Amino acid sequence: MRKIVEKFRNLSIKRKLTISYSVIVVFPLIISLLLSNNVMTNFMLDKIADLNENSINDSSKVLNRTLDDIAFTLLNIANNSHVREILIDDNISSTQSGKIQRYEKQKKFDDIFESIPISLMTYNASITILGEKQFDYGNWEDYSSYTSSMKQSSWYKEMVRSRDMRIRWIGTRPGIGTSGGYFLEAAMPVKGNSSLARVGVVHIQINEKDVYKALSSNNGTNEIYLIQKNGDILSCKNKEEISKNLNYRLEVPKINENIKNWYIDVDRNGEKLVVNSVHIEKGNWTLVSMIPYEKLVAPLNSIRNILLFINLIFMVAFLMVALFISNIISKPIIKLGMSMKKVEKGNFSHKVEVVSEDEIGRLSRNFNNMLDKVSELLILTKEQERLKRDAEFEALQAQINPHFLFNTLSSIRWAAAANGDRKVEDMVHSLSVLLRASITNGQEMVALETEIGILKNYLDLIRMKQGSSYIFECNIDDNLMKYRIPHLLLQPIVENSILHGFEGLNEQGVIRISASVEEDSLMIELTDNGRGLQGNTLENILNRESSELDNKRYYKSVGLKNIHDRIKLIYGQNYGIDICEGERNGTKVTLYLPFQKG
C-alpha cells in the first residue's frame, strides 16, 4: 500500500487528476450497480417470499379445514349412541334372523354416514368401523375383505393397547387392496358405557393425490411437502418420495426452527432454494413450500445487463470529461513549474504569466510577488548576519566579568585554605556553586539531582552565615533524579521557608522534599514545619501584584508567582504550583509538571 501511495505521489498533476476522476466516478458507479442489484434482489425475494407465504398459508387453511372435517366426522361417529349400542350388542348369528339383524344395523350406519361433511366426500373418504367382536362396517366396496388385515396393522394394535381415547393421526399409508396409491389416515376409539371401555374403532382414509391437488392449487411453481415432525414425508408431488425422510434433501431441524419464516438454503444436490413452512396443529405436521432461487432472480438478469450497459456509457463519458478538465487544470501548473525551475537556477527576474483568477492564478500572482520579496530578503539577510556577528561579539565580552568573578572567588578560597580557615573556604565554595548555578549558559533545563545539589549548597551557606542548621530530608527515587526540570525552580521555595516560615520558630526547622508520578504528571512536594500560611491562600498569593503585599506577611508572592508563571509558560495552563497547610502545621508547596517516560 505504501509503495502505491509513493508511486501516486510521483505522478504528474494531469495523471493524478485523471486517475482521481476515474476512481471517483467509476467506483461509485460500480458500487451503485452492485447495491442496486442487491437491493432489487432482496426486494424481489421479499415480495415473492411474502406471496409464497400467503400461498402456503392458504394451503394450510385448506388442509386444516380437511383435517377439521375428518376430526368432526370421527367425533360424530365415535360419540353416536346408536353406533355404541350396535357395537356393544355384537352377537349376530349366521341364521336368517341374524342376517336380517345385520342388515338393519348396516341400514342404521348408512343413515349415520349421511351426516358426513360434503368436503370429505370430494376426497372420496373411506370410513370403516371396526368392532371389537364380530361386526364391522364400511362405506366403501369390499371393506369386509380387508377389516382383518386392518386389525393386524401396527396403528390398530397400538390403539388397542393404549387407553388414549383421542383421535390418532396415523399419517400416510399405502392403499388397501387393488386401489393402489397412498392414503391419509386417522382413527378414533369408540367408547362403551365405561369411559375407558372400548367397543370399536372408527377409521377414515382419504386419497393423498386429492390432498396434494388441493394443497398445490395455489402453488403452481412451488414444491409442496407435508411432513411429520421427524421429517417423514406424508404428501408431495413425486409419490416415490412418500414415506422417505425429507432430511435426504434439506435439514428438517432447520425447517422446524424457521416455522412461519422464510429462509434460503441449499439442498443436498446443491440447488439453492427459498423455503417457507407452516405448522399444522392436528397431527403435529409441517407444511413446507420450496421454490428454486434461480427462478426468482432470473428476471433480474436482463435488468442487471441493461444497468451495466448504461453504467459503461456513463464511465466512458466521465473519463473523457475527466481528461478535458485535468488538461485545463494542469496546463497552468506545468507553466508555473517551468518558471520555478528557472528561479531555482538563480534567475529571480523570470515571472509567470497570470491567465486566470482562480486558485492557480492567485498562486502565480503570489509567486511573482514572492520573487519581488526574495530580492529584498536577500539584502535583509545579509544585514541580519552582520548584526548577529556583532551580538555574538558583545555576548563574548559579557562573559568576561562572570569568569573574572569566579576566578577571584577561587583565589580567595585557596587563600583561606592556605591560612587554614576552613569556614571561609566552605562559604566561598558554596557561594561559587550558587553563583555559577544562577548563570544558565543557555541551559534552561537541568536534572532534578542538580537542583537538589543547589539546595544543599544553599543550606550549607545559610548554616555558615547564620550559625543555625536545618534538617533537609530528600525522599526521591533514583529513577526520577535524572528527570529534567526548569533551572532554579526549587531554591526560591526553600528560601521563602527559611526567611519567613522559620522566623520565630522554637524548634529546629525541617525541610522535606519528595517526588512521585501519577499518570502523566510529575509531582514534587516541598514541606516545612514552619508557621504555616496564616490565612493566605494560593489565590491570594499568586493573583495579587507584588507591590500590594505586606513585606511582613509570611509568603512573598514574587518568587512563587514567578515559579508558577514559568511553569505555565513552559508546559501550559494545566501545570503550575499549589500551596496548602502541611499535615503537622507548616506549609506544603506542590509543583505539577508533565512527565514523559524514557
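Worth saying up front: this structure is predicted, and the values here are computed from it rather than measured.

What counts and what doesn't
Residues numbered from 1 in each chain as written. Predicted model: local features only at pLDDT ≥ 70, side-chain atom pairs only at ≥ 80, totals over all residues. Heavy atoms only, no water. Core = buried A, V, L, I, M, F, W, Y, C linked by side-chain atoms within 4.5 Å. Buried < 20%, exposed > 50% of the residue type's maximum accessible area, 1.4 Å probe, protein only. Helix = DSSP H or I, 4+ residues; strand = E, 2+ residues; numbered from the N terminus. Contact = heavy atoms within 4.5 Å. Arc of directions from axis to C-beta. Pairing = 2+ DSSP bridges. Salt bridge = Lys/Arg side-chain N within 4 Å of Asp/Glu carboxyl O. Axes fitted to C-alpha atoms, helices over the stretch in contact; angles between N-to-C directions. Patch = residues over 30% accessible without salt bridge, like charges linked within 9 Å, V, L, I, M, F, W, Y side chains within 5 Å. Areas by Shrake-Rupley, 256 points an atom, 1.4 Å probe, with all protein chains shown as cover. Phe/Tyr/Trp six-rings, centres within 6.5 Å; stacked < 30°, edge-to-face > 60°. Lys NZ or Arg CZ within 6 Å of the ring centre and 35° of its normal. Polar contact = N/O pair within 3.5 Å; in protein donor to acceptor, adjacent residues only side chain to side chain. Parallel < 35°, antiparallel > 145°, perpendicular 65-115°, else oblique. Left-handed = near helix turned anticlockwise from the far one by under 90°. Nonpolar A, V, L, I, M, F, W, Y, C, P; charged D, E, K, R; others polar. Expected span 1.5 Å × (residues − 1). pLDDT = per-residue confidence, 0-100.

Asker: Just to check I follow, could you spell out the nonpolar core for this structure?
Answerer: The nonpolar side chains of a soluble globular protein tend to be buried, and buried together. Formed by 50 residues in total, the largest nonpolar core has its most connected members in Leu 67, Ile 70, Trp 155, Val 202, Ile 206, Trp 285 and Leu 287. If one sorts the elements of this core by residue count, helix H2 (residues 13–78) sits on top with nine residues. Sequence-distant contacts of Trp 155, that is, excluding residues within four places in its chain, are made with Leu 130, Met 150, Arg 168, Ile 170, Arg 173, Glu 185, Ala 187, Val 201 and His 203. Counting residues in each nonpolar core, the second largest holds 35 residues, with Ile 476, Tyr 483, Ile 513 and Ile 579 among its members.

Asker: Whenever I open this one, helix H3 (residues 81–88) confuses me. Can you help?
Answerer: Because the α-helix completes a turn every 3.6 residues, residues three or four places apart line up on one side. Of all the residues in H3, the buried ones are Val 83, Arg 84, Ile 86 and Leu 87. Viewed end-on, H3 has its buried residues packed into an arc of 165°, placing them on one side of the element.

Asker: Looking at this structure, how should I read the pairing of strand S15 (residues 521–528)?
Answerer: Here is the key point about a regular strand: its side chains alternate between the two faces of the sheet. In terms of residue burial, S15 counts as a mostly covered element, since seven of its eight residues are buried. Strand direction decides the pairing type here: strand S14 (residues 510–518) and S15, joined by eight bridges, are antiparallel. Counted as the bridge partner of Glu 518 is Ser 521 from S15. Connecting S14 to the antiparallel partner S15 that follows it, the hairpin turn spans two residues, and Glu 519 within it adopts a positive phi of roughly 55°. Of the pairings in the sheet, the one linking S15 to strand S17 (residues 587–594) comprises seven bridges and is antiparallel in character. The residue of S17 that forms the bridge with Ile 524 is Leu 591.

Asker: Is there a simple way to think about the pattern of salt bridges in this case?
Answerer: As a working rule, side chains carrying opposite charge can pair if their charged atoms are close by. Across all of its chains, the model carries 13 salt bridges by this definition. Lys 282 is paired through a salt bridge with Asp 68; the nearest N and O atoms lie 2.5 Å apart. Taken as a pair, Lys 282 in the loop between strand S9 (272–280) and strand S10 (285–292) and Asp 68 in helix H2 lie far apart in primary sequence, 214 residues in all. We classify Asp 68 as partly exposed; its relative accessible area is 34%. Salt bridges sharing common partners tie together Glu 223, Arg 249, Asp 267 and Glu 271.

Asker: What is the right way to read the sheet that holds strand S8 (residues 263–266) from this model?
Answerer: Strands belonging to one sheet form pairs held by backbone hydrogen bonds; the direction of such a pair is parallel or antiparallel. Strands sit in the order S7-S6-S10-S9-S8 across an open sheet of five strands; the sheet is antiparallel. At either margin of the open sheet sits one strand with a lone partner, and together these are strand S7 (233–235) and S8. Ignoring strand direction, the axes of neighbouring strands in this sheet form an average angle of 40°. Where S9 lies against S10, eight bridges are found, and the strand directions are antiparallel. Across the sheet, residue Ile 280 finds its bridge partner in S10, namely Trp 285. Contacts between H2 and the sheet are confined to strand S6 (223–227), S8, S9 and S10, with S9 contributing the most and set at about 35° to the helix.

Asker: Could you clarify how one ought to interpret a nonpolar patch on the surface in this entry?
Answerer: A contiguous nonpolar patch, built from Ile 19, Val 23, Phe 27, Ile 30, Ile 31, Leu 34 and Leu 35 and spanning about 630 Å² of accessible area, is present on the exposed surface. Tracing the backbone through its elements, the reader meets Ile 30 in helix H2.

Asker: Even after reading the chapter, I still don't get the sheet that holds strand S4 (residues 182–191), so can you show me in this structure?
Answerer: On the basis of which strands lie adjacent, the open sheet formed by five strands has the order S2-S1-S5-S4-S3 and antiparallel pairing. In the strand order of this sheet, the two ends are held by strand S2 (136–138) and strand S3 (168–174), each with one partner. Adjacent strand axes in the sheet meet at a mean angle of 20°, parallel and antiparallel pairs treated alike. Across nine bridges, S4 lies against strand S5 (residues 198–207) in antiparallel orientation. Bridged to Ala 187 within S5 is His 203. Sheet strands touched by H2: strand S1 (126–131), S3, S4 and S5. Its angle to S4, the strand with the most contacts, is close to 30°.

Asker: Even after reading the chapter, I still don't get unusual backbone geometry, so can you show me in this structure?
Answerer: Glycine aside, a negative phi is what most residues show, and trans is what most peptide bonds show. Here Asn 284, not a glycine, exhibits a phi torsion of approximately 55°, which is positive. With respect to the element layout, Asn 284 can be found in the loop between S9 and S10. Its relative accessible area of 35% is what places Asn 284 among the partly exposed residues. Non-glycine residue Leu 488 carries a positive phi angle of around 55°.

Asker: Explain the packing of aromatic side chains here, please?
Answerer: Each pair of aromatic rings is reported with the distance of its centres and the angle of its planes. Inspection of every chain in the model, using the stated rule, returns five aromatic pairs. Here the aromatic rings of Trp 169 and Trp 285 are separated by 6.1 Å at their centres, their planes lie at 75°, and the arrangement is edge-to-face. With Trp 169 in strand S3 and Trp 285 in strand S10, this residue pair connects regions lying 116 residues apart in the sequence. The exposure class of Trp 169 is buried, given its relative accessible area of 18%. Between Tyr 470 and Phe 502, the ring centres sit 5.3 Å apart and the planes meet at 20°, which makes this aromatic pair stacked. Of this pair, Tyr 470 sits in the loop between helix H14 (448–466) and strand S12 (471–475) while Phe 502 sits in the loop between helix H16 (491–501) and S14; the two residues are 32 residues apart in sequence, bridging distant segments of the chain. Sitting above the plane of the Tyr 248 ring, Lys 244 keeps its charged end 6.0 Å from the centroid. A cation over an aromatic ring shows up here: Lys 272 above the ring of Tyr 293, its NZ or CZ 4.1 Å from the ring centre.

Asker: Can you help me understand the side chain of Ser 277 in this one?
Answerer: Following the sequence through the fold, Ser 277 ends up in strand S9. Relative accessible area serves as the criterion here: at 2%, Ser 277 is assigned to the buried category. Engagement of the side chain of Ser 277 in a polar contact is seen with the backbone oxygen of Asn 258, the distance being 3.4 Å. Apart from residues no more than four positions distant in its own chain, Ser 277 is found in contact with Ile 56, Ile 255, Asn 258, Ile 259, Lys 260, Thr 286, Leu 287 and Val 288.

Asker: Is there a simple way to explain the packing of H14 against H16 in this structure?
Answerer: For any two helices packed against each other, the geometry is given by the interaxial angle and the distance between the axes. At a minimum axis separation of 10 Å, H14 and H16 run at an interaxial angle of 30°. Classed by the angle they form, the pair H14 and H16 counts as roughly parallel. Note on packing geometry: the crossing formed by H14 with H16 is right-handed. Of the residues in H16, those in contact with Leu 455, Tyr 458, Leu 459 and Ile 462 of H14 are Gln 491, Val 494, Glu 495 and Ile 498. Here the contact of H14 with H16 is composed, by residue class, of six nonpolar, one polar and one charged.

Asker: Just to check I follow, could you spell out H14 for this structure?
Answerer: For H14, built from 19 residues, the straight-helix expectation of 27 Å at 1.5 Å per residue is met to within 8% by its first-to-last C-alpha distance of 27 Å. Residue Gly 467 follows H14 closely and has a positive phi angle near 80°.

Asker: So what exactly am I meant to see when it comes to the confidence of the model for the protein chain here?
Answerer: Interpretation of the predicted coordinates at a detailed level should be avoided for regions scoring low in pLDDT. Here the protein chain shows a mean pLDDT of 78. Residues at 70 or above account for 82%. Across residues 395–400, confidence stays below pLDDT 50; counting only partners more than four residues off in sequence or on other chains, it has zero contacts. Note on residues 545–558: pLDDT is under 50 here. Beyond four places in sequence and across chains, it has 30 contacts.

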